[in-house]
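# Commentary on secondary and tertiary structure
The lines below spell out each chain.
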Amino acid sequence: MKERKKRVAKKPKRFLPWVLCLGIVFLVSVAFGIKAYQALGVEQLDRASFEPAVFSLSLSCAEVLWQGCAPLLRHRNAVELKVEHRISFSTATQNLFRQCGFAQPDLYYDWETDKGFLSGASSPKARWNPADDHGVATVTVRGRLVLTPPPEKGWLWSKKREPLEYYASTRQSFVIPSTYEQASADPENRLVIGTYPVALSAAAERYPKIHPDRYRVPDFFYKVTAETAQTPISPHFRIGDFDMCYPYLDYEYPQYIAVTVPLVQKLELLLERMNQDNHSLSSFTLISGFRPPEYNRGSIQKGADLKKPFSRHQYGDAVDMIIDVNPRDDVMDDLNGDGVIDIRDAEVVLKYVDELDARFLKEGSPMMGGAGVYSRHDIPERPKQSPYIHIDTRDFTNSYGLPVRWRESE
Ligand SMILES: [Ca+2]
Ligand SMILES: [Ca+2]
């Protein structure tokens, strides 16, 4: 019995080294497996880091009516800007991040502006102040996204891995307003604005006398230069569309012009409405936007005879325009398809303006205004004459309570 007990007690000792060996082999295999798996993951991650467009930024502020366009500011107060980021890694990359144990990404912002000054920089919010500047200003924000991988663990020490960095930037432009006094006093201004007529004077026409508040000197002028003329102020219009630079007129930049937001909004809505009826227009051809009193009076234009002293053009809320798509020849297209290009083609556009103005009148919208059609325009230097339509946002009606309309044919 004693011998048998001894044999039973010795039995486990014989297998212990094997169990220990197998255990060590298993643990080493698992460790190598994890290392290999992680190494594979990081290698894949390095490749994934080259995925394009994974990190983007967008700026927002209350003043912006149309994304990607520069608002015509109607104040000189500070503008509150906020940047938002978008990280759009693929699901596979996100899984790799999880697998490799990445820390939460760090975001750094770098703000700058070419005019005015910024405060609150480096955070996702900043305050831009136009200060005493004029014209088009641009705020740029650059973002740096840093993804820090966990250290590569060795058997005896850990090795730091380089962080992955992504860059993105975005910008927002603004058109800074200037007063009439500032615009007139700027020695760089190449367009003489001149003196606005007094609405209540004895010589004033009927409408200025009834609505003198609509014939005041405009509150805001905007400086346009050769560099900033292409700045989009709405999806389909640039600030240069409203200035006094035409290939056939000898006016230079910089110039200060008046142009109002309701006018630009109205043109956008008119374009949208006409395209609903399959006119397929990418824009309108504006043959005249702002015209200063000095021009309207004929003082700075030879042979000028158009010139109404109370023209809406000098208040920045009127345009003369044609639709010139097919053929593109600087002349109004045959919109009614009768084979003749005349005032009736301008009336095709007027029909849509009537529809919009009826709605604006009902809504009390400041986009409501006057409109007139013409057989030929009144800028003698323009190489080609064309029927056209005048559209404005004067925001008052005629004595019958209807939008002001006129028709001027030869
Ligand atoms: Ca044409
Ligand atoms: Ca026609």
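Please refer to the structure placed before this passage.
The following refers to the structure shown. (Residues numbered from 1 in each chain as written. Chains lettered and ligands numbered in written order. Predicted model: local features only at pLDDT ≥ 70, side-chain atom pairs only at ≥ 80, totals over all residues. Heavy atoms only, no water.)

### What to know about the overall build of the chain
When helices and strands are tallied, the chain shows 7 helices and 18 strands. Each of the 410 residues in the chain was classed as buried or not, and the buried ones make up 44%. At a minimum sequence separation of 6, the contacts of the chain that also span at least 24 residues come to 70%. Accessible area for the chain stands at about 22,400 Å²; split by element, carbon and sulfur atoms hold 55% of it. (Helix = DSSP H or I, 4+ residues; strand = E, 2+ residues; numbered from the N terminus. Buried < 20%, exposed > 50% of the residue type's maximum accessible area, 1.4 Å probe, protein only. Contact = heavy atoms within 4.5 Å. Areas by Shrake-Rupley, 256 points an atom, 1.4 Å probe, with all protein chains shown as cover.)

### Structural notes on the layout of surface pockets
By volume, the largest pocket is sized at about 500 Å³. In terms of lining, the largest pocket is formed by 24 residues, of which the most central are Arg 238, Asp 241, Tyr 246, Thr 285 and Leu 286. Considering every element that reaches the lining of the largest pocket, the biggest residue donor is strand β14 (residues 285-288), with 3 residues. Class assignment for the residues of the lining of the largest pocket results in 11 nonpolar, 5 polar and 8 charged. (1 Å grid on protein atoms, 1.4 Å probe; cavity = no way out; pocket = protein on both sides within 12 Å on 5 of 7 lines; lining within 4 Å. Points joined across faces, edges and corners; volume = space filled by probe spheres on them. Nonpolar A, V, L, I, M, F, W, Y, C, P; charged D, E, K, R; others polar.)

### Some remarks on the coordination of the calcium ion (ligand 1)
For the calcium ion (ligand 1), the full set of protein donor atoms is Asp 324 (OD), Pro 327 (O), Asp 329 (OD), Val 331 (O) and Asp 333 (OD), at a range of 2.2 to 2.4 Å. Read from N- to C-terminus, the donor residues coordinating the calcium ion (ligand 1) fall into the pattern D-x2-P-x1-D-x1-V-x1-D. As far as burial versus exposure is concerned, Asp 324 and Asp 333 are alike and both buried. (Donors = N, O, S within 2.8 Å, 3.2 Å for Na, K, Ca; no water.)

### A look at the sheet that holds strand β5 (residues 125-129)
Judged by pairing direction, the sheet is antiparallel, and its 4 strands sit side by side in the order β1-β2-β5-β4 without closing on themselves. For this open sheet the edge positions go to β1 (55-60) and β4 (117-119), each flanked by a neighbour on one side alone. Sheet twist, expressed as the average angle between the axes of neighbouring strands with direction ignored, equals 30°. Pairing of strand β2 (residues 79-87) with β5 involves 4 bridges; the strand directions are antiparallel. Considered in β5, the bridge of Val 79 is made with Trp 128. (Pairing = 2+ DSSP bridges. Axes fitted to C-alpha atoms, helices over the stretch in contact; angles between N-to-C directions.)

### Remarks on the nonpolar core
Within the largest apolar cluster, 70 residues are counted, with the highest numbers of intra-cluster contacts made by Phe 242, Leu 270, Phe 284 and Met 321. Ranked by residue count, the leading element in this core is helix α7 (residues 343-363), at 9 residues. Composition of this core by domain shows at least three residues from each of domain 1 (30-172) and domain 2 (179-408). In contact with Phe 242, not counting residues within four places along its chain, are Ile 233, Phe 237, Ile 257, Val 259, Leu 263, Val 264, Leu 267, Leu 286, Gly 289, Phe 290 and Val 319. Counting residues in each nonpolar core, the second largest holds 28 residues, with Leu 59, Cys 61, Phe 89 and Leu 145 among its members. (Core = buried A, V, L, I, M, F, W, Y, C linked by side-chain atoms within 4.5 Å. Domains from an automatic or database assignment.)

### A closer look at the coordination of the calcium ion (ligand 2)
Within the protein, Asp 334 (OD), Asn 336 (OD1), Asp 338 (OD), Val 340 (O), Asp 345 (OD) and Asp 345 (OD) serve as the donor atoms for the calcium ion (ligand 2), at 2.2 to 2.5 Å. Because the angles between the 6 donor atoms bound to the calcium ion (ligand 2) fall within 54 to 156°, the donor set is best described as irregular. Mapped onto the polypeptide sequence, the residues donating to the calcium ion (ligand 2) form the spacing pattern D-x1-N-x1-D-x1-V-x4-D. (Tetrahedral: all angles 85-135°; square planar, octahedral: opposite > 155°, others 65-115°.)

### Structural notes on unusual backbone geometry
In this structure, the amide linkage connecting Tyr 253 to the following residue, Pro 254, adopts the cis form with an omega of -5°. Looking at the element boundaries, Pro 254 is found in the loop between β12 (237-238) and β13 (255-257). For Ala 131, which is not glycine, the phi torsion reads 50° and is therefore positive. With respect to the secondary-structure elements, Ala 131 resides in the loop between β5 and β6 (135-147). The residue Asp 330 is not glycine, and still its phi comes out positive at about 70°. Note on placement: Asp 330 falls in the loop between β15 (318-322) and α7.

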